[in-house]
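Each chain, written out:
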Amino acid sequence: MKKLVLLILPLFSALFLFAQTKTISGKITDAATKEPMVGATILVKGTKIGTVTDVDGNFKLDVPADAKAITVSFIGYVAKDIPIGTTTSFSITLETAEI
């Protein structure tokens, strides 16, 4: 019985850890041109968890289940804080910054 418990315990631990994250994805575009933004930064607000967009402006990111928002930024553009809530797919536009 002890061996069975030692075998099953790591499986439940792995399931518990997996359940504590969710995957979000989306596309970042320029508000004026509607062109995809390559290399835009997406960070889970208050953490160091993040990613950048690909050549099509798309991103995919595993975030903690309790994450409240992401911050999207790109040099020369106004950064945005986007609430996550129950949403898993995002379409985000960034506006150029006034200099």
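Just above sits the structure.
Residues numbered from 1 in each chain as written. Predicted model: local features only at pLDDT ≥ 70, side-chain atom pairs only at ≥ 80, totals over all residues. Heavy atoms only, no water.

A short note on the sheet that holds strand 5 (residues 69-73)
The cut-off we apply is this: The criterion for strand pairing is that DSSP finds at least two bridges linking the strands in question. Secondary structure elements are taken from DSSP: a helix is a run of H or I of four residues or more, a strand is a run of E of two residues or more, and numbering for both begins at the N terminus. Axes, fitted as lines to C-alpha atoms, cover a helix only where it is in contact. Angles between the N-to-C directions of the axes lie from 0 to 180 degrees.
Across the sheet, which stays open at both edges, the four strands sit in the order 3-2-5-6 with antiparallel pairing between neighbours. Both edges of this open sheet fall to strand 3 (50-52) and strand 6 (80-83), since each of them pairs with a single strand only. When strand polarity is set aside, the average angle formed by the axes of neighbouring strands in this sheet is 20 degrees.

Focus on unusual backbone geometry
The backbone of Lys34 sits at a positive phi, close to 65 degrees, despite the residue not being glycine. Locating Lys34 in the fold gives a position in the loop between strand 1 (21-30) and strand 2 (41-44).

Regarding the pattern of salt bridges
Keep this limit in mind: Note on definitions: salt bridges are taken to be side-chain nitrogens of Lys or Arg within 4 Å of carboxyl oxygens of Asp or Glu. Relative accessibility decides the category of a residue: with a 1.4 Å probe and only protein chains considered, values under 20% of the type maximum give buried, values over 50% give exposed, and everything between is partly exposed.
For the structure shown, the criterion picks out one salt bridge. Close ionic contact of Lys45 with Asp81 constitutes a salt bridge, the shortest N to O distance being 2.5 Å. A residue pair is termed long-range when its members are at least 10 positions apart, and Lys45 in the loop between strand 2 and strand 3 and Asp81 in strand 6 qualify at 36 residues. Take Lys45: its relative accessible area is 47%, and that puts it in the partly exposed class.

What about the sheet that holds strand 7 (residues 89-94)?
The strand order 4-1-7 describes an open sheet built from three strands, whose pairing is mixed. Single-partner strands in this sheet number two, and they are strand 4 (58-64) and strand 7. Each adjacent strand pair in this sheet contributes to an overall mean axis angle of 30 degrees, direction not counted. As paired strands, strand 1 and strand 4 are joined by seven bridges and run antiparallel to one another. When the bridges of strand 4 are listed, Gly26 appears paired with Phe59.

Re the pairing of strand 5
Of the pairings in the sheet, the one linking strand 2 to strand 5 comprises four bridges and is antiparallel in character. Looking at the pairing, Leu43 lines up with Thr71 of strand 5. Looking at chain direction, strand 5 and strand 6 are connected through four bridges and run antiparallel. In the strand pairing of strand 6, Thr71 is matched with Asp81.

Brief notes about the nonpolar core
Heads up, the condition is: Within this scheme, the nonpolar core is defined by two criteria: the residues are buried Ala, Val, Leu, Ile, Met, Phe, Trp, Tyr or Cys, and they are joined through side-chain atoms within 4.5 Å.
The biggest cluster of nonpolar side chains holds 18 residues, and the ones touching the most others in it are Ile24, Ile28, Ile70 and Val72. Of all the secondary structure elements, the ones that give two or more residues to this core are strand 1, strand 2, strand 4, strand 5 and strand 7.

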